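Given next are the chains, with one letter for each unit.
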Amino acid sequence: MESCSAQSSSPAFFVTVGRGLENFAADEIRAKLLASRVEVIEGKVFFCADVTKENLFSLKMVERAFVLVKKINSVRLPYHKVSGFRLLCKLALEDVRSWKAAACVWKRLHVSAEPSLSRVRQGGADMCPHAEDAPRKCKLTAFSEDISTTKDRSRNKDTLLYCAAEEEKEEEEAFQTTTVDLAQQRPPADIFPELLKDNLSFRVSFRCSGRNGRRYNPQELGCQLGLALTREFGWKADLRKPQLEVIAHLNNDIFIVGFPLSRVSLANRSWCRCPGLRPTVAHAIAVLAGVQSGAKVLDPMCGSGTILLEATMEWKSAYYMGADIDCSQLSSASSNISSSKQSIDLIQASVLALPLQSSSVDVIVCDMPFGRRFGRGNDIMSQTRSSLREMIRVLANSGILVLLVSQKMSQEVIKMVEEGKCCQYKTQINSAPVDEAKLPGHARECEPDERACGEDSSSTVDVLSLQELVPVSLGETEARIHKYVKVQHEGKRTS
Ligand SMILES: C[S@@+](CC[C@H](N)C(=O)[O-])C[C@H]1O[C@@H](n2cnc3c(N)ncnc32)[C@H](O)[C@@H]1O
């Protein structure tokens, strides 16, 4: 069993992160917060750091941030429910100093209301380009009624607890916990002076899954934890508008308790008037693109411009351009750009015929159409193949292409690239150079099976080389980020 806060002089935190983005978030936390003891599990990153409100809330890859009160590995609640409740409360409250420390950090860092952030709800299933992110359900624990009758019940419970404790002794010892008498652990009257003075109101949100979830109801667990907190610290339950939310997650691997530092997700962006791709995923695409100073960056299917906007905020000294075939998408992008006060050029164009010179762009980022709104099947695959060909054409040699594609399309795109079905053949007949300026936005292209274009021709083949593949979750949809670099092969061909 481990408590991060007990092992570091810096306060302990954890953040929730979209599936697949954990390592991006961990890197960002190390770099921006100079964090230590960074630990990644699915959907969460734990760390210790001395943070200010500003740098904590500047994180771009995370959903929500919490002060960590308690983290215990591998908790298995006993079969007998009363013993289970007792063990859970004991584990949660056995070190009241961690509650005090966490409460002080929470008081310093929490943001009670973010009108500018909550103005726009982002990532809703209805708005998202891939019909992603079904609204998350949160279980609130109703224990306020129980509190009025705590005294009567606790008498009965004490009896029950006493009996059960004897019965379940062996099982509890398997967790290597020391038996703690909560009464002896009661903190001195001044342990939460400020919070008690404020007459702190709170509620517990409990999530429970795995084998513990099969036996225990999260409401009941939250209720028991809430009662224990009221007994210990005198906090007042308020399910509607609590000052402090206590969240507890219990699954097969871990039991964590924490205090959220904001009500809304850090993934919400103040500039976002027209939501598109989830900003954390867009940010990961921008990170993978590795935009260098002075680079020309293109999103040829920019929608509301989320990926480019995420990139401009972080890497300002580059030139950004967005293209989309759909005027209404371009006006969404324009609205976001003006509210962000960033500079991005927009053009209406098809990705199948971009009005750009060959090899003129250093980085392409693209969230390919898929999902309910964009159809599927052969149509979309042949469109994808043609789109890739055109992207390769405008991309400079050694340029970077980062694509977001659905999990289903991912394998097909990899195959398509490996088999050279979207590569660009440029042919110079009799070594006479092709004057690209005279071509309408296109170099001379041949289909892969149309290779012998001249009697005595030299050709180059532009291909993509796969660098990274990152599975990410878009809520309801699973997707993959592909990162490629454009490589040019040269060869003289004679018929
Ligand atoms: C998945 S959405 C992109 C969403 C975008 N990343 C955002 O954050 O809003 C795909 C976009 O591709 C555009 N699109 C579809 N076919 C296109 C084509 N042939 N040329 C250019 N854009 C196209 C659609 O209008 C749509 O905006």
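Residues numbered from 1 in each chain as written. Predicted model: local features only at pLDDT ≥ 70, side-chain atom pairs only at ≥ 80, totals over all residues.

### A word on the overall build of the protein
Link 1 in the chain: Looking only at helices and strands, the protein features 17 helices and 16 strands.
Link 2 in the chain: Of all 495 residues assigned to the protein, the portion counted as buried reaches 43%. (Helix = DSSP H or I, 4+ residues; strand = E, 2+ residues; numbered from the N terminus. Buried ≥ 20, exposed ≤ 12 C-beta atoms within 10 Å, placed from the backbone.)

### Considering unusual backbone geometry
Link 1 in the chain: One non-glycine residue, Ser74, lies in positive phi territory at about 50°.
Link 2 in the chain: You can see Ser74 is positioned in the loop between β4 (64–73) and α3 (81–93).

### Describing the packing of helix α13 (residues 279–289) against helix α14 (residues 306–314)
Link 1 in the chain: Where α13 meets α14, the closest approach of the two axes is 8 Å, and the angle between their N-to-C directions is 60°. Our classification of the angle between α13 and α14 gives oblique. The two elements α13 and α14 meet at a crossing, and its hand is right-handed. From α13, Pro279, Ala282, His283, Ile285, Ala286 and Ala289 reach across to α14, where they touch Thr306, Ile307, Glu310, Ala311 and Glu314.
Link 2 in the chain: Considered class by class, the residues forming the contact of α13 with α14 number 7 nonpolar, 2 polar and 2 charged. (Axes fitted to C-alpha atoms, helices over the stretch in contact; angles between N-to-C directions. Parallel < 35°, antiparallel > 145°, perpendicular 65-115°, else oblique. Left-handed = near helix turned anticlockwise from the far one by under 90°. Contact = placed C-beta atoms within 7 Å. Nonpolar A, V, L, I, M, F, W, Y, C, P; charged D, E, K, R; others polar.)

### Brief notes about helix α17 (residues 407–418)
Link 1 in the chain: Between its terminal C-alpha atoms α17 stretches 17 Å, which fits the 16 Å expected from 12 residues at 1.5 Å a residue.
Link 2 in the chain: Those residues of α17 lying buried are Met409, Val413 and Val417. All buried residues of α17 project into a common sector of 70° when viewed along the axis, lining one side. Pointing more than 90 degrees away from the buried face of α17 are the exposed residues Gln411, Lys415 and Glu418.
Link 3 in the chain: Looking at the residues trailing α17, positive phi occurs at Gly420, about 70°. (Expected span 1.5 Å × (residues − 1). Arc of directions from axis to C-beta.)

### Description of the sheet that holds strand β3 (residues 44–48)
Link 1 in the chain: With respect to topology, 8 strands assemble into an open sheet ordered β2-β3-β1-β4-β8-β7-β5-β6, the strand pairing being mixed. For this open sheet the edge positions go to β2 (36–41) and β6 (236–237), each flanked by a neighbour on one side alone.
Link 2 in the chain: Relative to strand β8 (residues 254–260), strand β7 (residues 244–250) runs antiparallel, the two being bridged by 4 bridges. Paired with His249 across the bridge in β8 is Ile256. (Pairing = 2+ DSSP bridges.)

### Concerning the confidence of the model for the protein
Link 1 in the chain: Overall, the predicted model of the protein reaches an average pLDDT of 79, with 71% of residues at or above 70.
Link 2 in the chain: Contacts of residues 115–127 to residues separated by more than four positions or lying in other chains number 24 contacts, the stretch itself having pLDDT below 50.
Link 3 in the chain: A low-confidence stretch, residues 429–456 stays under pLDDT 50, and its non-local contacts, those more than four residues away or across chains, total 42 contacts. (pLDDT = per-residue confidence, 0-100.)

### Observations concerning the nonpolar core
Link 1 in the chain: Grouped together as the largest cluster of nonpolar side chains are 123 residues, with contacts concentrated most on Phe13, Ala25, Val67, Leu68, Leu225, Ile285 and Val365.
Link 2 in the chain: Each of domain 1 (4–260) and domain 2 (279–494) accounts for three or more of the residues forming this core.
Link 3 in the chain: Excluding its chain neighbours within four sequence positions, the residues that come into contact with Val67 are Pro11, Phe13, Ala102, Val105, Trp106, Gly258, Phe259 and Leu261. (Core = buried A, V, L, I, M, F, W, Y, C linked by C-beta atoms within 7 Å. Domains from an automatic or database assignment.)

### A few points about the pairing of strand β13 (residues 395–406)
Link 1 in the chain: Counting buried positions over the 12 residues of β13 gives 9, a clear majority of the element.
Link 2 in the chain: Strand direction decides the pairing type here: strand β12 (residues 361–367) and β13, joined by 6 bridges, are parallel. For Val361, the partnering residue across the bridge sits in β13 and is Leu395.

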